[in-house]
Amino acid sequence: MAIEAARIKREERLKIFAMKEAPILWKVHQDLQGAIVEQDKRIADLAKTLETFNKDPMQDADYLRIRSMRDEMVAARDSMHTKIEDAYLAFCKFQATPSRKDYDELRKKTLEDGIKAAENTARRFDEMRSAK
């Protein structure tokens, strides 16, 4: 339980930081997380439906393609999360050594990269939704 409490505290720090420094990055991250949860439910429902008709989901090309798209969403979310963490850690290092500009530049670059990744992910996700 202590591990979970530490994870929640860490996530709260990241949220506060991201909401202040790059709210669009946090919003896309959260939107993507919600979409993944919803997609997981839909994939589970599809698997049950296929099984109801005596079909093996792991042998169904469409099912596997849909799972692959979901895996891309997870990878994008995880990448964004890592960028938020990197920016937060750079910020903390900068706070500890305010005379050093390199950490602040690293923080800014990481946030910019994260925002670009978020925009690309949001665009890709919209394209996936449109392609339904």
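Residues numbered from 1 in each chain as written. Predicted model: local features only at pLDDT ≥ 70, side-chain atom pairs only at ≥ 80, totals over all residues. Heavy atoms only, no water.

Colleague: Run through helix α3 (residues 61-96), naming residues and quoting values.
Modeller: Under the 1.5 Å per step criterion, the end-to-end length of α3 is 52 Å for 36 residues, consistent within 8% with the ideal 52 Å. Its side-chain oxygen 3.1 Å from the backbone nitrogen of D62, D60 forms the N-cap of α3. (Helix = DSSP H or I, 4+ residues; strand = E, 2+ residues; numbered from the N terminus. Expected span 1.5 Å × (residues − 1). Polar contact = N/O pair within 3.5 Å; in protein donor to acceptor, adjacent residues only side chain to side chain.)

Colleague: Just give me the short version of the nonpolar core, but keep the residues and values in it.
Modeller: For soluble globular proteins, nonpolar side chains are generally found buried alongside one another. Counting 20 residues, the largest nonpolar core has F17, L25, L32, M80, I84 and L111 as its most contacted members. Counting residues per element, this core draws most heavily on α3, which supplies eight residues. For M80, the contacting residues outside a window of four places in its chain are L25, V28, H29, L32, A118 and T121. (Core = buried A, V, L, I, M, F, W, Y, C linked by side-chain atoms within 4.5 Å. Buried < 20%, exposed > 50% of the residue type's maximum accessible area, 1.4 Å probe, protein only. Contact = heavy atoms within 4.5 Å.)

Colleague: Which residues make up the packing of aromatic side chains, and what are the values?
Modeller: For the structure shown, the criterion picks out two aromatic pairs. Their ring planes at 70 degrees and their centres at 5.4 Å tell us that F17 and Y88 sit as a pair that is edge-to-face. Remark: Y88 occurs in helix α3 and F17 occurs in helix α1 (residues 2-21); sequence separation between them is 71 residues. Note on Y88: relative accessible area 17%, which makes it buried. Residues F17 and F91 carry aromatic rings whose centres are separated by 5.4 Å and whose planes lie at 40 degrees to one another, so their mutual orientation is tilted. Placement of the pair is F17 in helix α1 and F91 in helix α3, with a sequence separation of 74 residues. Taking relative accessible area as the criterion, F17 reaches 5% and is therefore assigned buried. These aromatic residues form a ring-pair network of at least three members: F17, Y88 and F91. (Phe/Tyr/Trp six-rings, centres within 6.5 Å; stacked < 30°, edge-to-face > 60°.)

Colleague: Which residues make up the environment of D40, and what values go with them?
Modeller: Checked against the element boundaries, D40 lands in helix α2 (residues 23-52). Separated by 27 residues in the primary sequence, D40 and R67 have C-alpha atoms spaced 8.7 Å apart.

Colleague: Which residues make up the pattern of salt bridges, and what values go with them?
Modeller: Going through the model one piece at a time under the given rule, you end up with seven salt bridges. Residue R65 pairs with D62 through a salt bridge whose shortest N-O separation is 3.9 Å. In this pair, R65 and D62 both sit in helix α3, three residues apart, roughly one turn of the helix. Taking relative accessible area as the criterion, R65 reaches 45% and is therefore assigned partly exposed. For D62, a relative accessible area of 48% corresponds to the partly exposed category. Between D78 and R77 there is a salt bridge, and its shortest N-O distance comes to 2.8 Å. Under the relative-accessibility criterion, R77 is labelled buried at 17%. Each of the salt bridges in this network shares a partner with another, and the network as a whole consists of D40, R70 and D71. (Salt bridge = Lys/Arg side-chain N within 4 Å of Asp/Glu carboxyl O.)

These values are about where atoms sit, not about what they do.
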